[in-house]
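Summary of the model geometry
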Amino acid sequence: MRWLPLIFLLLTAVAVQAIENVAPFDDPAMQERYEHLVKELRCLVCQNESIADSNADLAADLRREVREMMIAGKTDAEIKAFMVDRYGEWILFRPRLLRQTWLLWFAPGILLLIGTIVAVRVVSQRARLYTDDPGDDPTGEPNA
Amino acid sequence: MIPELGHFALILAFCLALAQAGFALTGAHWNRVAWMNVARPAAAGQFVFVALSFGCLAWAFLHNDFTVAYVAQNSNSALPAPYKVAAVWGAHEGSLLLWVLVQAIWTIAVCALSRSLPHRFAARVIGVLGLVSAGFMLFALATSNAFERLVPAAVEGRDLNPILQDPALAIHPPVLYTGYVGFSVAFAFAIAAMLEGHLDSAWARWTRPWTTGAWCFLTVGIALGSWWAYYELGWGGWWFWDAVENASFMPWLAGTALIHSLAVTEKRGLFKSWTLLLAITAFSLSLLGTFLVRSGVLISVHAFASDPARGKYILLFLGTTIGIALLLYAWRAPRLKSEAGFMPVSRETFLLANNVLLIVAMALILLGTLYPLFLDYFGLVKQSVGPPYFEFVFLIPMIPLVLLLGAGMHAAWKRADASELLRFVRVPLVLALIAAVAVPWLVYGRNTVLTAVGVLAAVWVMASAWLAPISRWRQKRRLDAVPRAVMGMSLAHFGLGVFILGVTIAKSFSVEQDIPLQRAQSAHAGAYEFVFQGVEPRKGPNYEATRGTIEVRHGEDMVTILHPEKRTYLVQRNPMTESDIDASLSRDLYVALGEDVGNNAWSVRVQYKPLVRLIWLGALLMACGGLVAVSDRRYRRATVVAPEAARSLAQEA
Amino acid sequence: MQRFMGVLRFLLPAAVFAVLLRFLYVGLSLHPDVIPSPFIGKPAPALSLPTLHDETRTLSSTQFAGRPWLLNVWATWCVACREEHATLVEIARSKAVPMYGLDWKDDRGTALALLAQHGDPYDAVAFDAEGRVAIDWGVYGAPETFLIDADGTVVCKQIGPLDMDTWRSKFLPLISGAKKGPCT
């Protein structure tokens, strides 16, 4: 029941998007780097948005932190570490490669490997069946 | 009175659905024609009462009956009438009733269009559909009664969430549900085949149009949601890899794989058990999506207010339905062997690759979506899996898929000649390679590897898609020499290429600017200048707004004047942003109003988005292609009644 | 292996599905939106801010070293904070542990008025006008309550309103020494 306010906030907060009230960086490269960074950090209030998109006060505060850290010359890794120290891994939309995310990051390779193995087995089995008995009907015209 | 009538009608419909399922399935099992004959009338009756029930709820909305709790929570007297109708499915209880209605519509469609199917098989299909309907109706009646009265009645309603007061979002659920529910038909066909104990090309030919039809609706439903998010949510984004969005995309991927797998089963009698599994999977993913959006298990902006009790029910339903289906599969599938063969270079191999890659993509999205839940389950540190992950991972199987697609479309069955195939597609190949390098440079002034690959894939597919119809047309110089199935396939693949082009260019070359502006100050995006000309107040039917004026210039010319708004709806009082867009196929110019930042300045977001409309145009073309393919003559051919049914009919007589 | 690939593999989908169901069922009782604090079991972040009542005075966490203390993050705009206010007043009356408030991104006048009207459970209140200290503590949704032990380690965090049951079962045992280490 106590989560009702939070849920209400989650459902309605999408209504307003976060438009920066601060002017962009003069340096376009810095601005681009900033835009990428804030898209990678998750808003803890409007939890399905990045701090770039969220209009929550906390998101604006976190954007301010990112901006100030960039001006102070911190690297992307340092800024992300700052956030993770305070809010945990959860705040990163792109999970870091940790032991508990190995499966996540190796999954594409593993699944493709399994898929390829299965496909190769099927194709070689069917090729054998074909050469044993090509069948009467000619190789079909490709109609859908 | 009317709401009670609606409630009662739903109960009657539930009983009829049970009768439909009970008689049809037991009748098919014991070969009792009289029992099987109950199926169609029962289904028709079910539809009538479901429609009545839905109609009663709609009536309650249109007549501002705030004694009904659901109406009081989701409507308001000042709500424009069309949105009162849309409000019927604006929250959980009503959307469930909508699901039941759509299920009933598909069921009577199957009843009407299945007269040429073997009697016993058709009875089984209708019976299974009855079970699914009954399951959802039980869910609605037991946990989510839309007709519950509110005592004491509300004087005025709480209003429909303003974010839902929009034409695209109003029809998004009905279209989407038509897609989800349509996969229950393929599921029913699969169960019926497993109950029969055999599956052949004819089965595939019957199943295909239903599956493709459902797929078309799902495509449009997803596209509608994406388009709405783009113009309504104000960020210029159109896909967020949100848990519920993923939940709609996964059945789409499985459905696409299913359509292609059915092609092989129909033509060669191959991949039978795999096709069965896909049919079960596509529908399970539809049910999983329903579960995810209502249970609170995953964080999502789309979630209805989460209720673990409802979640438990859906999980039970999901578990029982799919569990039984998969056990049936384990029992029957081993016998569905085929001795047909094909060479490594053949249409079959390309379609196999298609399926593998689509299912890998679906599995990756499933893994990413559920991963936070897995970690939480094991008590490990909470992790987020968001757009950066999904965007990267999704491309891994998709790039090979679209590259293979251009050639695979034209491969011959059983044995294709690789060099012959390459020769056939040489023109699109060359076009694509040139475009990949030249177009980004010439048009937008820069290029990257990813952009080039995207353009390559898009042009490759777009050009290659038309080779088949063109070569067919050349043979006879007549348009009707191109079978609708081929035309549909080409159109759908062309649509995919258009979609890829839109995504690639929009992502690579969009320009966005957030900036506080005073009157007569301007922002730049792309080659356009956006001049802010202040704001003024405005009143709408159920909201108050602040309306901004922004002039858009291209060099010396005035292109357009845009009016973004900040609205406050009178009842729910949450601020809403209405962006304004100057749309054209070549580019969108997008402006949204932020806040009054003092000093007579407002923060404004301007965006230049090239070719972004192609994203939804491509999806629309894909759906059209599917519809064209479904209308092919061969699906309307009457079938010979299966021997056993003929024998049993003769016995009964 | 042949046998498996032959017949048993058809049971694989059902088996995978059963596992998935198990995860989803357990998921129904989990709270995906609650983000646990990475500070549990670690030294508390620094805190040094002007107080709410007197701008010239500074409240600093170094002053609290040597005994356990409670930090409660609240604001007048936070609806859920009203829910727990009575509980906090009661806890303060019990004098179990010093309680300090962190007034998060608030208006000084409104905050003082609220404390005057509903009671002031805090030994002192730090005024975080810009929210920087709150970020340092990993605060994301008021109200939040931290329990810091005598060594300066964060041993418990409550996200959401604090009620007497939670206070008695989770916080008190750690304060009295009946239980050790971070709360579960």
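The structure reproduced in this document is the subject of the present report. Because the structure is a prediction, the values reported are computed rather than measured.

With that settled, the discussion passes to the overall build of chain C. A count of helices and strands for chain C gives six helices and seven strands. Sequence-ordered secondary structure for chain C, helices as α and strands as β, is α-α-β-β-β-α-β-α-β-α-β-β-α. Taken over the C-alpha trace, chain C has a radius of gyration of 22 Å; the compact-globule value for 184 residues is 16 Å, which it surpasses by more than 25%. The principal-axis extents of the C-alpha atoms in chain C amount to approximately 80 × 35 × 30 Å. Taking all 184 residues of chain C together, the buried fraction comes to 51%. Of all intrachain contacts in chain C linking residues separated by at least 6 positions in sequence, the fraction that spans at least 24 positions is 70%. Taken together, the 17 basic and 19 acidic charged side chains of chain C have centroids lying 12 Å from each other.

Here we come to the interface of chain C and chain B. It is common to give the size of an interface as the accessible area lost on bringing the parts into contact. At the interface, 21 residues of chain C touch 31 residues of chain B. Summed over both partners, the interface of chain C with chain B comes to about 2,300 Å²; 83% of that surface belongs to carbon and sulfur atoms. Its largest share of buried area at the contact with chain B, chain C owes to Phe10, Phe23 and Leu28 of chain C, together 32% of the area lost on that side. Where chain C meets chain B, there are three residue pairs in polar contact (both at pLDDT 80 or more). Taken together, the residues that form the side of chain C that touches chain B break down as 16 nonpolar, two polar and three charged.

Residue and element names in this part refer to chain C. With mixed pairing, five strands are arranged side by side in an open sheet as S5-S4-S3-S6-S7. Looking along the sheet, the strands with just one partner apiece sit at the ends: strand S5 (124-128) and strand S7 (154-159). The mean angle between the axes of side-by-side strands here comes to 20°, regardless of whether they run parallel or antiparallel. As paired strands, strand S4 (residues 99-104) and S5 are joined by five bridges and run parallel to one another. Its bridge partner being in S5, Tyr100 is matched across the sheet by Ala124.

Within the structure shown, the criterion is met by 34 salt bridges over all chains. Between Glu40 of chain A and Lys80 of chain A there is a salt bridge; the shortest N-O distance is 3.5 Å. Here Glu40 of chain A is found in helix H2 (residues 28-40), whereas its partner Lys80 of chain A is found in helix H4 (residues 76-87), with 40 residues between them in sequence. Classification of Glu40 of chain A by relative accessible area gives buried; the value is 12%. One salt bridge in this structure joins Asp514 of chain B and Arg605 of chain B, with 2.6 Å as the shortest N-O distance. Of this pair, Asp514 of chain B sits in strand S1 (residues 511-518) while Arg605 of chain B sits in strand S10 (residues 601-610), and the two are 91 residues apart along the sequence. Assessed through its relative accessible area of 3%, Arg605 of chain B is described here as buried. Here the salt bridges share partners, and the residues they tie into one network are Asp61, Arg64, Glu65 and Glu68 of chain A together with Lys105, Glu130 and Arg132 of chain C.

Moving on, we get to unusual backbone geometry. A cis amide bond links Val151 of chain B with the next residue in sequence, Pro152 of chain B, at an omega value of 0°. As for its position among the elements, Pro152 of chain B is in the loop between helix H7 (119-143) and helix H8 (167-196). Backbone torsion omega between Ala142 of chain C and Pro143 of chain C reads -5°, so that peptide bond is classified as cis. In this structure, Pro143 of chain C sits in the loop between helix H5 (132-136) and strand S6 (144-148). In this structure, Asn599 of chain B takes a positive phi of about 65° despite not being glycine. Assignment of secondary structure puts Asn599 of chain B in the loop between strand S9 (587-598) and S10. Positive phi, normally seen in glycine, also occurs at Lys95 of chain C, with a value near 55°. In this fold, Lys95 of chain C is placed in the loop between helix H3 (79-94) and S4. Judged by its relative accessible area of 71%, Lys95 of chain C is exposed.

A separate point is the pairing of S4 of chain C. Residue and element names in this part refer to chain C. In terms of residue burial, S4 counts as a mostly covered element, since six of its six residues are buried. Burial along S4 is two-sided: Met99, Gly101 and Asp103 and Tyr100, Leu102 and Trp104, pointing in opposite directions, are all buried. Of the pairings in the sheet, the one linking strand S3 (residues 69-74) to S4 comprises five bridges and is parallel in character. From the neighbouring strand, Asn72 faces S4, where its bridge partner is Gly101.

Residue and element names in this part refer to chain B. What the four strands build is an open sheet, ordered S1-S10-S9-S8; its pairing is antiparallel. Because the sheet does not close on itself, it has two edges, and the strands there are S1 and strand S8 (580-583). Taken pair by pair, the neighbouring strands of this sheet meet at an average axis angle of 20°, ignoring direction. Sheet analysis places S8 next to S9, joined by four bridges and oriented antiparallel. Across the sheet, Asp580 pairs through a bridge with Val591, a residue of S9.

What follows concerns the packing of aromatic side chains. The relation between two aromatic rings is expressed through the spacing of the ring centres and the mutual angle of the planes. A complete count under the given rule lists 47 aromatic pairs over all chains for this structure. The interplanar angle of 75° and the centroid separation of 6.4 Å between the aromatic rings of Trp102 of chain A and Phe106 of chain A together place this pair among those described as edge-to-face. Of this pair, Trp102 of chain A and Phe106 of chain A both sit in helix H5 (residues 102-132), separated by four residues, roughly a single helical turn. With a relative accessible area of 46%, Trp102 of chain A lands in the partly exposed category. Between Trp69 of chain C and Trp137 of chain C, the aromatic rings sit 6.2 Å apart at their centres with planes inclined by 75°, giving edge-to-face as the arrangement. Taken together, the positions of Trp69 of chain C in strand S3 and Trp137 of chain C in the loop between H5 and S6 put the pair 68 residues apart, joining distant regions of the chain. Put simply, the rings of Trp105 of chain A together with Trp215, Trp239, Trp241, Phe249, Trp252, Tyr389, Phe390, Phe392 and Phe394 of chain B pair up and form one aromatic cluster. Above the ring of Trp35 of chain B, the side-chain terminus of Arg32 of chain B is found at 5.3 Å from the ring centroid.

Parameters at a glance
- Residues numbered from 1 in each chain as written.
- Chains lettered and ligands numbered in written order.
- Predicted model: local features only at pLDDT ≥ 70, side-chain atom pairs only at ≥ 80, totals over all residues.
- Heavy atoms only, no water.
- Helix = DSSP H or I, 4+ residues; strand = E, 2+ residues; numbered from the N terminus.
- Rg over C-alpha atoms; globule rule 2.2 N^0.38 Å.
- Buried < 20%, exposed > 50% of the residue type's maximum accessible area, 1.4 Å probe, protein only.
- Contact = heavy atoms within 4.5 Å.
- Lys, Arg positive; Asp, Glu negative; His and termini not counted.
- Charge placed at Lys NZ, Arg CZ, Asp CG, Glu CD.
- Buried area = accessible area lost by both parts, 1.4 Å probe.
- Polar contact = N/O pair within 3.5 Å; in protein donor to acceptor, adjacent residues only side chain to side chain.
- Nonpolar A, V, L, I, M, F, W, Y, C, P; charged D, E, K, R; others polar.
- Pairing = 2+ DSSP bridges.
- Axes fitted to C-alpha atoms, helices over the stretch in contact; angles between N-to-C directions.
- Salt bridge = Lys/Arg side-chain N within 4 Å of Asp/Glu carboxyl O.
- Phe/Tyr/Trp six-rings, centres within 6.5 Å; stacked < 30°, edge-to-face > 60°.
- Lys NZ or Arg CZ within 6 Å of the ring centre and 35° of its normal.

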